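Breakdown of the fold
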Amino acid sequence: MDTNFNIRQINDQISAQSSILGLIRQGVEQRIVGQQHLIDSLMVALLCDGHVLLEGVPGLAKTLAINTLANVVDAKFSRIQFTPDLLPSDVTGTMIYSVKREEFEVKKGPIFANFVLADEINRAPAKVQSALLEAMAERQVSMGGRRYQLPELFMVMATQNPIEHEGTYNLPEAQLDRFLMYIKIDQPDAESERKILHLVRGEEGACGEDISCWQDKGKKFQALDIADILAARQEVLKVHMSEPIEEYLVQLIMATRHPEKYDAKLAGFVQFGASPRATIALDKCAKINAWLVNRD
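Since the model is a prediction, treat every value here as computed from it, not as a measurement. (Residues numbered from 1 in each chain as written. Predicted model: local features only at pLDDT ≥ 70, side-chain atom pairs only at ≥ 80, totals over all residues. Heavy atoms only, no water.)

Examining helix α11 (residues 276-292)
Here is the rule we go by: For helices the rule is a DSSP run of H or I covering at least 4 residues; for strands it is a run of E covering at least 2, with both sets numbered from the N terminus onward. Expected span of a helix, by definition, is 1.5 Å for each gap between consecutive residues, and there is one gap fewer than residues. Think of it in three bands: residues with accessible area under 20% of the maximum for their type are buried, residues over 50% are exposed, and the middle band is partly exposed, with areas taken using a 1.4 Å probe on protein chains only.
Spanning 17 residues, α11 covers 24 Å between terminal C-alpha atoms, matching the ideal 24 Å at 1.5 Å per step. Among the residues of α11, those classed as buried are Ala281, Cys285, Lys287, Ile288, Ala290 and Trp291. Remark: Asn294 follows α11 within two positions and exhibits a positive phi of approximately 60 degrees.

Structure representation (structure tokens):
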């Protein structure tokens, strides 16, 4: 078998398929300015089928980012404002008795969407966070003794406010482990701030959520189908990873489990080592980062 030929063939396929990512990026950049790290991270999480935890002060377009992503992909978006009085049924849904049909009917909650924004997730008590944990980990919701599957494309983006801690609850480690990425968002620079002003004023063709009038170099933007994203996820799995990179990945994980074997100073900074879930996630993210620049 000609390994070099196979890699070249895969590269050709990657180059052809990765154009979809450019379309997503173009769409998101129509409304999100000065947050390139956020956009790139969302692209990786989307293709990796993972969830993200965002931390940043109010007003940095955290809500706008995932709302825009849902519009670009032509998917269902829902927003849940987490508060101390929120109930699990407010997230997952509940069983309602129908007098007419004389039976219980399922009323699905906002969790049954493709993109879910869990705004200020640390303001909800543990029982609500546990309800969200099942959805994130098992991609299902249990109600009335039955299990209901969530959409195949399902992504949770949760936010935390770092400057306000009154009335908040620390997220349990089990739930933090379900997030693929933890992203800190900083304030934009002066040039980005000016572009934001122009965008809001309408001087650069802002169209709000109506993507039919979004344009890139004079061409109207077309929303992508969910099937395009699911196909791209399969394509990413074909990205080749060399043995030295694979060994480096494994050693990174091992260094978190046995830090004293690598550097005595590390032992004081690590309480728990990364799990196999982290190894798998790191492998996927590495491949997607290569895919982002059309490389194996």
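A few points about the environment of Ile196
Here is the rule: Note on contacts: a residue pair is in contact if any heavy atoms of the two residues lie within 4.5 Å.
Here Ile196 lies in helix α8 (residues 190-201). Using a relative accessible area of 27% as the deciding quantity, one classes Ile196 as partly exposed. Measuring from C-alpha to C-alpha, the distance between Ile196 and Arg31 comes to 8.6 Å, with 165 residues separating the pair along the chain. Among all residues touching Ile196, those that are not within four sequence positions of it are Val33 and Pro188.

Some thoughts on the pattern of salt bridges
This is how the line gets drawn: When a carboxyl oxygen of Asp or Glu lies within 4 Å of a side-chain nitrogen of Lys or Arg, that pair is called a salt bridge.
Tallied over the entire structure, the rule returns 8 salt bridges. Between Arg233 and Asp49 there is a salt bridge, with the nearest N and O atoms lying 3.3 Å from each other. Of this pair, Arg233 sits in helix α9 (residues 226-236) while Asp49 sits in the loop between α3 (36-48) and β1 (51-55); the two residues are 184 residues apart in sequence, bridging distant segments of the chain. Arg233 gets classed as buried once you look at its relative accessible area, which sits at 10%. The class of Asp49 is partly exposed, set by a relative accessible area of 29%. Here the salt bridges do not stand alone but share partners, grouping Asp49, Arg139 and Arg233 into one network.

Points about the sheet that holds strand β2 (residues 77-81)
Convention followed: Paired strands, as defined in this entry, are two strands with at least two bridges between them according to DSSP. Here an angle of 0 to 180 degrees is reported between the N-to-C directions of two axes, which are lines fitted to C-alpha atoms, with helices fitted over the stretch in contact.
Here we have 5 strands laid out as an open sheet, ordered β2-β5-β8-β1-β9, and parallel in their pairing. Here the strands that pair on one side only, and so sit at the sheet edges, are β2 and β9 (179-184). Between one strand and the next, the sheet's axes are offset by a mean angle of 15 degrees, whatever the strand orientation. In this structure, strand β5 (residues 115-119) lies alongside strand β8 (residues 155-160), joined through 4 bridges in parallel fashion. Residue pairing across strands places Val116 opposite Val156, the latter belonging to β8. Its contacts with the sheet place α3 against β1, β5, β8 and β9, and it is angled at close to 175 degrees to β9. Most of the contacts of helix α4 (residues 62-73) go to β5, to which it runs at about 170 degrees, and overall it touches β1, β2, β5 and β8.

So, the packing of α3 against α11
To keep it simple, the criterion reads: When an angle is under 35 degrees it counts as roughly parallel; over 145 it counts as roughly antiparallel; between 65 and 115 it counts as roughly perpendicular; any other value is oblique. A clockwise turn of the near helix away from the far one marks a right-handed crossing, whereas an anticlockwise turn of less than a right angle marks a left-handed crossing. In this classification, the charged set is Asp, Glu, Lys and Arg, the nonpolar set is Ala, Val, Leu, Ile, Met, Phe, Trp, Tyr, Cys and Pro, and all remaining amino acids, among them Gly, are polar.
Packing of α3 against α11 leaves a shortest axis separation of 9 Å and a crossing angle of 120 degrees. Compared by their axis directions, α3 and α11 come out oblique. As α3 packs across α11, the resulting crossing turns out to be right-handed. Across from Met43, Val44, Leu47 and Cys48 in α3, the residues of α11 making contact are Ala281, Lys284, Cys285, Ile288, Asn289, Trp291 and Leu292. For the contact of α3 with α11, the class distribution of residues is 9 nonpolar, 1 polar and 1 charged.

Quick word on the nonpolar core
Quick reminder of the rule: We call a set of buried residues a nonpolar core when its members are Ala, Val, Leu, Ile, Met, Phe, Trp, Tyr or Cys and they connect through side-chain atoms within 4.5 Å of each other.
The biggest cluster of nonpolar side chains holds 39 residues, and the ones touching the most others in it are Ile24, Val28, Leu46, Val52, Leu69, Phe115 and Met155. With 9 residues, α3 is the single largest residue contributor to this core. For Leu46, the residues in contact, after removing those within four places along its chain, are Ile24, Leu69, Phe115, Leu153, Met155, Ile229 and Arg233. Counting 25 residues, the second-largest nonpolar core is a separate cluster that includes Phe82, Ile121, Met136 and Leu150.

Regarding unusual backbone geometry
For Asp49, which is not a glycine, the phi torsion comes out positive at approximately 60 degrees. In the Ramachandran plot, Arg139 falls in the positive-phi region, its phi being about 55 degrees despite a non-glycine side chain. Exposure remark for Arg139: the relative accessible area of 19% places this residue in the buried category.

Observations concerning the environment of Lys238
Considering the arrangement of structural elements, one finds Lys238 in the loop between α9 and α10 (243-257). Note on Lys238: relative accessible area 39%, which makes it partly exposed. Sequence-wise, Lys238 and Trp291 are 53 residues apart; in three dimensions their C-alpha atoms are separated by 9.8 Å.

Quick look at the state of the cysteines
Quick reminder of the rule: We call a pair of cysteine sulfur atoms a disulfide when they lie within 2.5 Å.
Counted under the stated rule, the structure contains 0 disulfides. The thiol of Cys48 is not disulfide-bonded; the next cysteine sulfur, from Cys285, is found 4.1 Å away. Accessibility expressed as a relative area gives 6% for Cys48, which makes it buried. Its relative accessible area of 11% is what places Cys285 among the buried residues.

Topic: the packing of α9 against α11
Between α9 and α11, the least distance of the axes is 10 Å, while the angle of their chain directions is 105 degrees. In this view, α9 runs roughly perpendicular relative to α11, as classed from their interaxial angle. Here Ala232, Glu235 and Val236 of α9 come into contact with α11, specifically with Lys287, Ile288 and Trp291. Class assignment of the residues belonging to the contact of α9 with α11 gives a composition of 4 nonpolar, no polar and 2 charged.

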